[in-house]
Amino acid sequence: MTSDTTEKGLENIIYQSLIDNCQYLEGYSKDYNQTYCIDTGKLFQFLHNTQPEKLTEISNYHGANWKKKLYERFHRQIEEKSIVNILRQGIKTGETGLKLYYKLPTSQLNRDTIENSQKNIFSVTRQLKYKENRNFSLDLVIFINGLPVITFELKNQLTKQNFRNAINQYKNDRHPRELLFQFKRCLVHFAHDTDEVWMTTKLDGKNTEFLPFNKGKKSNSALLFPDTAGNPPNPNHIKTDYLWKEILAKESLRNIIENYAKLIKEEDKDKDKKIVKKLKLIFPRYHQLDLVKQLLTSTKKYGFGNRYLIQHSAGSGKSNSITWLSHQLVELKNITETENIFDSVLVVTDRKILDK
């Protein structure tokens, strides 16, 4: 059976795979509150399942308009701290603290933590109408516990469009002042076709910078680096299906939120050579996730004392890869999950930026 790789066909393939294979819930555009960027149905389903007593406290504290006040609190906190920090830290309204996400357990022995983490609601909404009184919609949006985290623009080569058209759509048609597209509101935005995936964490109109989120292709020449740009052939399947089958699987996406995604402050110089501080939202690229996963898996299986060589090209995020690996090696447990493999991790490097 041949696959329908038109734009709608690709949208349906991703949507059904996330629901059927990754156990996402279906989201509905009618449940989306455009004013506050929240899937209210999924948000209250999560809160009622996990913290019903907290909702009672909040409603008693704020009175009749408690839901609106809660939405406003969400809005201000995400605007100030970013979606990744809100998911990790929760929010406080009045004297009541609310968890908006339960972390993966560090050990399979902690049953309470496992039970709570299973109550997180991962959902996907197709053709999300995000603008009031206008027929503007996004192909797909992923939510966690009612909060949007990932958006998609999908294209296909059969209609002579590809990821570059999706990038142009983000740059020209998705206004960064629109609430859903404001910086820190989502973790990442994907421009996607059947051959390649590109990503950005900050929409900035025509100045938006996209980076590849591809696996790379093996070279046939031993004289070249082992990988080149793009994705390898995927017999009988779509080249980019690793995104929804692998990266967006619940455990993988939770791992990204808990161990990779971060909001950082960077120092730069303006045209007058004055120091300017700016915020940057980091989302790992495919090769970085692949690197850390392979080394953690190998170390867990074979233990310490082995040597590895990692090839990263210029500008591919070596500093972040080293940092992510070091922090996760410190916490890596043995196969029986009873003790840490390493007492400490020592990094020898000439990269002074790693001290930060």
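Each remark here, short or long, concerns the structure printed above.
Definitions and cut-offs
Every residue gets a number counted from 1 within its own chain, in the order that chain's sequence is written. With pLDDT at 70 or above as the cut-off, local features in this predicted model cover only qualifying residues; side-chain atom pairs require 80 or more to be listed or tallied, and sums for whole chains, interfaces and linings still use all residues. Remark: hydrogens and water are excluded; side-chain values derive from all non-hydrogen atoms of the structure. The criterion for strand pairing is that DSSP finds at least two bridges linking the strands in question. Going along the chain from the N terminus, every DSSP run of H or I of four or more residues is numbered as a helix, and every run of E of two or more is numbered as a strand. We count a salt bridge whenever a side-chain nitrogen from Lys or Arg sits within 4 Å of a carboxyl oxygen from Asp or Glu. The buried label applies to any residue whose accessible area, calculated with a 1.4 Å probe on protein chains only, is under 20% of its type's maximum; exposed applies above 50%, and partly exposed to all values in between.

Trainee: Please clarify how the pairing of strand 6 (residues 122-129) should be interpreted in this entry.
Mentor: Pairing between strand 1 (residues 25-26) and strand 6: two bridges, direction parallel. Within strand 6, the position partnered with Leu25 by the bridge is Ser123. Two elements, strand 6 and strand 7 (residues 137-144), share seven bridges in a ladder whose sense is antiparallel. When the sheet's bridge partners are listed, Phe122 is paired in strand 7 with Ile144.

Trainee: Would you mind going over unusual backbone geometry with me for this structure?
Mentor: Glycine aside, a negative phi is what most residues show, and trans is what most peptide bonds show. Positive phi values are uncommon outside glycine, yet Gln23 reaches one of about 60°. By the element assignment, Gln23 lies in the loop between helix 1 (7-20) and strand 1.

Trainee: Looking at this model, I keep getting lost on the pattern of salt bridges. Mind explaining?
Mentor: Close approach of charged atoms allows side chains with opposite charge to pair. Applying the stated criterion to the full structure yields seven salt bridges. In this structure, the salt-bridge partner of Glu11 is Arg126, at a minimum N-O distance of 2.9 Å. One end of the pair, Glu11, is in helix 1; the other, Arg126, is in strand 6, and 115 residues separate them in sequence. Overall, Glu11 belongs to the buried group, its relative accessible area being 1%. The exposure class of Arg126 is partly exposed, given its relative accessible area of 27%.

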